[in-house]
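Here is what each chain is made of, one letter per residue.
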Amino acid sequence: MIVAQAALETRMLLRNGEQLLLTVIIPSLLLVLFSTVDIVTVPVPATGGGGRSVDFLAPGVLALAVMSTAFTGQAIATGFERRYGVLKRLGASPLPRWALMAAKTLSVLVTEVLQIVLLTLIALALGWDPQGGAGSVLLLLVLGTAAFSGLGLLMAGTLRAEATLAAANLVFLLLLVGGGVIVPLDRFPEAAQSVLGLLPISALSDGLRDVLQHGASMPWGDLGILAAWAVLGLGAAARFFRWE
């Protein structure tokens, strides 16, 4: 039942033009645009590789793709399903409520795999030379997905659908600008850097950048931030989510 529901959720997401724009087209355009046009000056490492724009931007755009699917897309879709009574009806079906949440999570993971494959191919075509190990990247992506999923479900389960739509898109834009995805955090005032560095998008993009650009083994600090957000977000969503 979980697999069948996950397949349905994935098909619905991929058929939704607005969600497709958010999860695939926008990250791809940002990666191509900022990698080929000298708009934002990115920091160049003192030693080793990873000094090109695409080496800095690709990890940040991968983090943005996770956020767009696990947080923004899931929050909006779940919020409107709650408003139209879809969640209430599914909750009364033979599919248990925990299984419905598991199916939604599985759908998010499938979509993220498609996003990451596409963005990786685009980045490689632009000359990206990733470093580091796959295990560290996978752990960062899983914790990032858990953190953003918890926050997205919390928003969808507590706010009205229209408020969720507006808030999720606003948060997406704010984190795109202030989360270290395209603009390095060291371009912001020092007082703001310490706060912005604690955001889940900053931890995910910086962690991926440490591994894929600088070849770090395991960015424990960023993993700790993501784990904290995941526990807080999922815990709050489980406590306060309303099905009606």
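Note that the coordinates shown come from a computational prediction; the quantities given were computed from them, not determined experimentally.

Caption draft 1: Looking closely at the environment of A237. Mapped onto the elements of the fold, A237 is located in helix α10 (residues 220–240). Taking the C-alpha atoms as reference, A237 lies 35 Å from D55; in sequence the two are 182 residues apart. Sequence-distant contacts of A237, that is, excluding residues within four places in its chain, are made with G150, L153 and L154.

Caption draft 2: Local environment of the pattern of salt bridges. Applying the stated rule across the entire model yields eight salt bridges. Among the ionic pairs, K104 bridges to E81, the shortest N-O distance being 2.6 Å. Taken together, the residues span a long stretch of sequence, with K104 in helix α5 (residues 97–125) and E81 in helix α3 (residues 53–83) at a distance of 23 residues. Note on E81: relative accessible area 9%, which makes it buried. One salt bridge connects E244 with K88, and the closest N-O pair in it is separated by 3.9 Å. Of this pair, E244 sits in the segment after α10 while K88 sits in helix α4 (residues 86–91), and the two are 156 residues apart along the sequence. Residue class for E244 comes out exposed when judged on its relative accessible area of 60%. Taken together, the salt bridges that share partners define one network made up of E9, E81 and K104.

Calculation notes
Residues numbered from 1 in each chain as written. Predicted model: local features only at pLDDT ≥ 70, side-chain atom pairs only at ≥ 80, totals over all residues. Heavy atoms only, no water. Helix = DSSP H or I, 4+ residues; strand = E, 2+ residues; numbered from the N terminus. Contact = heavy atoms within 4.5 Å. Salt bridge = Lys/Arg side-chain N within 4 Å of Asp/Glu carboxyl O. Buried < 20%, exposed > 50% of the residue type's maximum accessible area, 1.4 Å probe, protein only.

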